[in-house]
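Each chain, letter by letter, is given below.
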Amino acid sequence: MSYQTVNPATAALVETFPPISEYELERVLAIAHNTFETDWRKRTVADRARIISKAASILREQVDEFAQIITLEMGKRIMEAQVEVMLSASILDYYASRAEGYLRPKPVPDVPSAEIRIEPIGVLLGIEPWNFPYYQIARVAGPQLMVGNVLLLKHAESVPQSALAFARLFEEAGAPRGVYTNIFATIEQIGRIIDDPRVRGVTLTGSERAGASVAQRAGRNLKKAVLELGGSDPMIVLEDAPLDWAVSSATAGRMFNCGQCCVGSKRIIVVGQERSAAFLEGFAKQMASLQSGDPADADATLGPLSSERALNLLLDQIERAKAGGAIVVFSSRGRGISPTQPGHPRRRGLGYRYDEAEPAARARSRYIACQGRSDREPSVALRCGRAD
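Residues numbered from 1 in each chain as written. Predicted model: local features only at pLDDT ≥ 70, side-chain atom pairs only at ≥ 80, totals over all residues. Heavy atoms only, no water.

This brings us to the pairing of strand E10 (residues 234–237). Side chains of E10 alternate between two faces, with Pro-234 and Ile-236 and Met-235 and Val-237 buried alike. With helix H9 (residues 243–255) bridging E10 and its parallel neighbour strand E11 (residues 267–270), the resulting β-α-β unit is right-handed. (Buried < 20%, exposed > 50% of the residue type's maximum accessible area, 1.4 Å probe, protein only. Helix = DSSP H or I, 4+ residues; strand = E, 2+ residues; numbered from the N terminus. Right-handed = clockwise from strand over helix to strand, strands pointing away.)

What follows is the structure in structure tokens.
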């Protein structure tokens, strides 16, 4: 397993980082466990909050520096990268400012002598993906560090500099050594970390295959596991939805983060044949208006895919969609691939099971979710999201 920064806009290899050695892995595990037992768990919530709030302030003060790193490593457009940095800061501040209330003991109704307490459990392992290099970490680190746990973070192999930047963030904010530790671990080492009795839980954002593997290992050790395995959300355009608004919303929902977003509008369902044709025409025009460019350029409306692997995966998805009966309504090619819109599927086809944060707009899935609007009858949105 190789941790590398490869600029997706140029395909240039920028830097390679070696995986953590067995000696170093044992050392950071021991430090994290000792820090939890002797320091972090014993601090007041207010003391922990000062450090987490400081980290949020540093993100805001250095928004451009942090944003440039993820633009370099995974091709996120610089304006979207800046938004991600600011969102990550807001998440850290949210938990720093609210943790004291969340962690206050709560009485149990009808049992006067009982109360519910939330207590830290120890060292946790986080395994996070490349598509939102800071946001994915912040939503784990914010609540877990505030409750008093400590975190080992294994990031995606393609964003090592982003991973190091977030580790330096907490160090600069004043967190004791061992509270937040970045590790460039191999798959084999991840399994042994989950097995280690000093590690009390694991969280992963990624594929179903990775999630199943982590869940199995955690279950074997009777450890807590939290898994976020993506999705395949539809955008359902109902009869009363303004069509221009729906087209613009669909374009934004599909192409945010260059389409590499687990909650993007991967399937678009328009009610009514005439409205469907009008929607398709407008959607194709908006897709055609996107222009590939340097993601570091604030004027670029479309950046590159995150990697050559992502490009090849998308090309394969498009071919499978066509083989499954889809008609390509719009496609253009530049460096890598520009927006491609398969439409009018004749039968169940393209990848109806797995989510890889895929950038192509598509149809059909076994997953049901609803992004809909009905001004006349709000309950419609609830009915259209039911699996039955």
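From this point, the narrative continues.
Turning our eyes to something else, we now look at the pattern of salt bridges. According to the stated counting rule, one finds 18 salt bridges in the structure shown. The residue Arg-43 makes a salt bridge to Asp-47 at a minimum N-O spacing of 3.4 Å. Exposure remark for Arg-43: the relative accessible area of 24% places this residue in the partly exposed category. Among the ionic pairs, Glu-228 bridges to Arg-139, the shortest N-O distance being 3.3 Å. Remark: Arg-139 occurs in helix H5 (residues 135–147) and Glu-228 occurs in strand E9 (residues 224–228); sequence separation between them is 89 residues. Counted as one network, the salt bridges with shared partners bring together Asp-39, Arg-43, Asp-47 and Arg-50. (Salt bridge = Lys/Arg side-chain N within 4 Å of Asp/Glu carboxyl O.)

To continue, consider helix H1 (residues 22–38). The end-to-end C-alpha separation of H1 is 24 Å, in line with the 24 Å expected for 17 residues at 1.5 Å each. Buried within H1 are the following residues: Leu-25, Val-28, Leu-29, Ile-31, Ala-32, Thr-35 and Phe-36. Mapping the buried residues of H1 onto a view down its axis gives an arc of 165 degrees, with all of them on the same face. Of the surrounding elements, those touching the buried residues of H1 are strand E5 (123–127), strand E6 (150–154), strand E7 (180–182), helix H7 (187–195) and strand E8 (199–205). (Expected span 1.5 Å × (residues − 1). Arc of directions from axis to C-beta. Contact = heavy atoms within 4.5 Å.)

Within the structure shown, the criterion is met by twelve aromatic pairs. Centroid distance Phe-66 to Tyr-134: 5.6 Å. Interplanar angle 80 degrees. Geometry classified as edge-to-face. Separated by 68 residues along the polypeptide, Phe-66 in helix H3 (residues 63–74) and Tyr-134 in the loop between E5 and H5 bring together distant segments of the chain. Judged by relative accessible area, which is 6%, Phe-66 ranks as buried. Ring centres of Phe-279 and Phe-283 lie 5.7 Å apart, and the angle between their planes is 25 degrees; on these two criteria the pair is classed as stacked. Placement of the pair is Phe-279 and Phe-283 together in helix H10 (residues 273–289), with a separation of four residues, close to one helical turn. Since its relative accessible area comes to 1%, Phe-283 is described here as buried. (Phe/Tyr/Trp six-rings, centres within 6.5 Å; stacked < 30°, edge-to-face > 60°.)

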